[in-house]
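# An overview of the molecular structure
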Amino acid sequence: MRLFIVCILFIGFYSCKIEEPIKVRNISKVQIESLLQDSLLNVRAIEISNNRIWFAGSDGYTGNWNLLELDSLVNGSNVFKRYEELTHNYDGNIFRNMNSDTTGYELRGIKKNDDALFTITAGSPAILTKYNSNNREIVYQENHPKAFYDSMEFWNDQEGIAIGDPTEDCMSIIITRDGGETWTKLSCNDLPKAKEGEAAFAASDTNIAIVGDHTWVATGGKASRVMYSPDRGKTWEVYETPIIQGVETTGIYSIDFYDDNIGFAIGGDYTKPNDALSNKIRTSDGGKTWQVVANGKGPGYRSCVQYIPNSRGKELVAVGFKGIDYSNNSGDTWKHLSDEGFYTIRFLNDSVAYAAGKGSISKLTFSE
């Protein structure tokens, strides 16, 4: 009798430890609502922060919308009309060429913290601008003829990082520790040496992935690897990847991590957008090792991949100029949802995202 009771207690205790099974969604459609269409607009950097969506694009375009107002804007008044009316108005929704030093430049990186907005140009000179209320200030400028920055991220409101192509024999990495007031370029003595032809792609502002203090930087081109820092950019190492590489247009275009172990990277060759060989890779050990998944299947070249929030690392969405694709099994198989082309995407929650590309910014709603 005593043994029976112990068994019941044991069974009861054991059953409390069993986690609820993962509910696997099977998204089958995406609703696309256009927020802005402008043939002159080319957006590869967007950010969701402080109840707003922020974007930066071609010819110095930078702007934002209040997410709480977007539903009424989409369903009611003309968003494009408001875009035209609010040009040059930082405190409103959209402003263009507020900083004349970035007119004519491609803005490929954007970040918003509690105090300011930051943008960085692609190409030389590299110009990193801080916007605060109606003020603007160039907080970093690099005039090296090879300067070309690709992506920017922040660990917190005080510490941030931007990465770019090599100007010497390592990737260019600049870091701020004072809220973006000053930026310092790391010495090649403190970074892994770049391989011949190794650089990065300014395709979607997703070359950098951050989880806590952990940081991953994706490179591409003739060599495509993943640089890793466990301590917010103080020390670095580098890991090899099996993604397609070898010519200037190949390699990782986008990387994302769900937690400090589970990560995914996508790319390929944009000159061969339908080629799906070795263009999707996954890690489960924090980036130390990577495996090719869905080889020859699923999407070909894509410029951005993001984990869907609250999916336990199972659900992914990839976008590119060839369309939108979805996986609910960590990238093993993919479903093509739309031919609508975008360069970059960010999720607001597990059903709503915002995407941008050539001539457009849109709201995307995913459903089963």
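Residues numbered from 1 in each chain as written. Predicted model: local features only at pLDDT ≥ 70, side-chain atom pairs only at ≥ 80, totals over all residues. Heavy atoms only, no water.

## Quick notes on the overall build of the protein chain
Going by this rule: Only DSSP runs of H or I with at least four residues qualify as helices, and only runs of E with at least two residues qualify as strands; both kinds are numbered from the N terminus onward. Only protein chains enter the calculation, and the probe is 1.4 Å; a residue is then buried if its accessible area is under 20% of its type maximum, exposed if over 50%, and partly exposed in between. Contacts are assigned to residue pairs with any non-hydrogen atoms lying within 4.5 Å of each other. All accessibility values rest on the Shrake-Rupley procedure with a 1.4 Å probe; residue burial counts only the protein chains present in the view.
Regarding its fold elements, the protein chain presents three helices and 28 strands. Every one of the 368 residues in the protein chain was classed for burial, and the buried ones make up 55%. Of all intrachain contacts in the protein chain linking residues separated by at least 6 positions in sequence, the fraction that spans at least 24 positions is 52%. Accessible surface computed for the protein chain: about 15,800 Å², of which carbon and sulfur atoms make up 48%.

## Concerning the nonpolar core
Spelled out, the test is: For this analysis, a nonpolar core means a set of buried residues of the types Ala, Val, Leu, Ile, Met, Phe, Trp, Tyr and Cys, connected via side-chain atoms within 4.5 Å.
Counting residues in each nonpolar core, the largest one holds 16 residues, and the members touching the most others are Val317, Ile324, Ile345, Leu364 and Phe366. Residue assignment for this core shows that the elements contributing at least two residues are strand S24 (316-320), strand S25 (323-327), strand S27 (344-347) and strand S28 (352-367). Take this core: its biggest share by element is four residues, from S28. Setting aside residues up to four positions removed in sequence, Phe366 forms contacts with Ile27, Lys29, Val30, Val317, Ile324, Leu337, Ile345, Phe347, Ser351 and Ala353.

## Observations concerning the pattern of salt bridges
For clarity, the threshold we go by: Take a side-chain nitrogen of Lys or Arg and a carboxyl oxygen of Asp or Glu: if they are within 4 Å of each other, that pair is a salt bridge.
Taken as a whole and assessed by the stated rule, the structure comprises 15 salt bridges. Between Arg225 and Glu198 there is a salt bridge, with its nearest N and O atoms 2.8 Å apart. Of this pair, Arg225 sits in strand S17 (residues 225-229) while Glu198 sits in strand S13 (residues 198-199); the two residues are 27 residues apart in sequence, bridging distant segments of the chain. With a closest N to O distance of 2.9 Å, Arg282 and Asp332 form a salt bridge. Separated by 50 residues along the polypeptide, Arg282 in strand S21 (residues 280-283) and Asp332 in the loop between S25 and strand S26 (335-338) bring together distant segments of the chain. Asp332 sits in the partly exposed class, given a relative accessible area of 40%. It is possible to trace a salt-bridge network through shared partners that takes in Glu159, Arg177, Asp213 and Arg232.

## Some details on the packing of aromatic side chains
Using the following cut-off: Any Phe, Tyr or Trp ring, taking Trp's six-membered ring, that has another such ring centre within 6.5 Å forms a pair; planes under 30 degrees apart are called stacked, those over 60 apart edge-to-face, and the others tilted. A positively charged side chain is recorded as over a ring if its NZ (Lys) or CZ (Arg) lies within 6 Å of the ring centre. The angle to the ring normal must also be within 35 degrees.
Under the defined criterion, the tally for this structure stands at 15 aromatic pairs. Ring geometry for Phe257 against Trp290: centres 6.1 Å apart, planes inclined by 90°, an arrangement best described as edge-to-face. Here the residue Phe257 occupies a position in strand S19 (residues 250-257), and Trp290 occupies one in the loop between S21 and strand S22 (291-292), the gap between them amounting to 33 residues. By relative accessible area, which is 6% here, Phe257 ends up buried. Taken together, a centroid distance of 5.7 Å and an interplanar angle of 65° make the contact between Tyr258 and Tyr307 edge-to-face. Placement of the pair is Tyr258 in the loop between S19 and strand S20 (263-269) and Tyr307 in strand S23 (residues 304-307), with a sequence separation of 49 residues. Above the plane of the ring of Tyr343 lies Arg44, whose end atom (NZ or CZ) is 3.7 Å from the centre.

## Re the pairing of strand S5 (residues 106-112)
Under the convention used in this document: Strand pairing follows a simple DSSP-based rule, namely that at least 2 bridges must link the two strands.
Across the seven residues that make up S5, a large majority, six, are buried. In this sheet, strand S6 (residues 117-122) lies alongside S5 in antiparallel orientation, the contact comprising six bridges. Following the sheet pairing, Gly109 is matched in S6 by Ile120. Taking the residues between adjacent antiparallel strands as the criterion, S5 and S6 are bridged by four residues.

## A look at the sheet that holds S23
Hydrogen bonds between backbone groups are what pair the strands of a sheet, and the pairing can be parallel or antiparallel. How we decide: Think of each axis as a best-fit line through the C-alpha atoms, taken over the contacting stretch in the case of a helix, with angles from 0 to 180 degrees between the N-to-C directions.
Here we have four strands laid out as an open sheet, ordered S23-S24-S25-S26, and antiparallel in their pairing. Among the strands making up the open sheet, the edge pair consists of S23 and S26. Within the sheet, the average angular offset between the axes of one strand and its neighbour, ignoring direction, is 25°. As judged from the four bridges shared by S23 and S24, these two strands associate in the antiparallel manner. Bridge pairing in S24 links Val305 to Ala318.

## A closer look at the pairing of strand S15 (residues 214-218)
Most of S15 sits inside the fold, with four of its five residues counted as buried. Alignment of strand S14 (residues 208-211) against S15, held across four bridges, turns out to be antiparallel. Across the sheet, the residue bridging to Ala209 is Trp216, located in S15. Here S14 folds back onto S15 in antiparallel fashion, the turn holding two residues, of which Gly212 has a positive phi close to 60°. Relative to S17, S15 runs antiparallel, the two being bridged by four bridges. Its bridge partner being in S17, Thr215 is matched across the sheet by Ser229.

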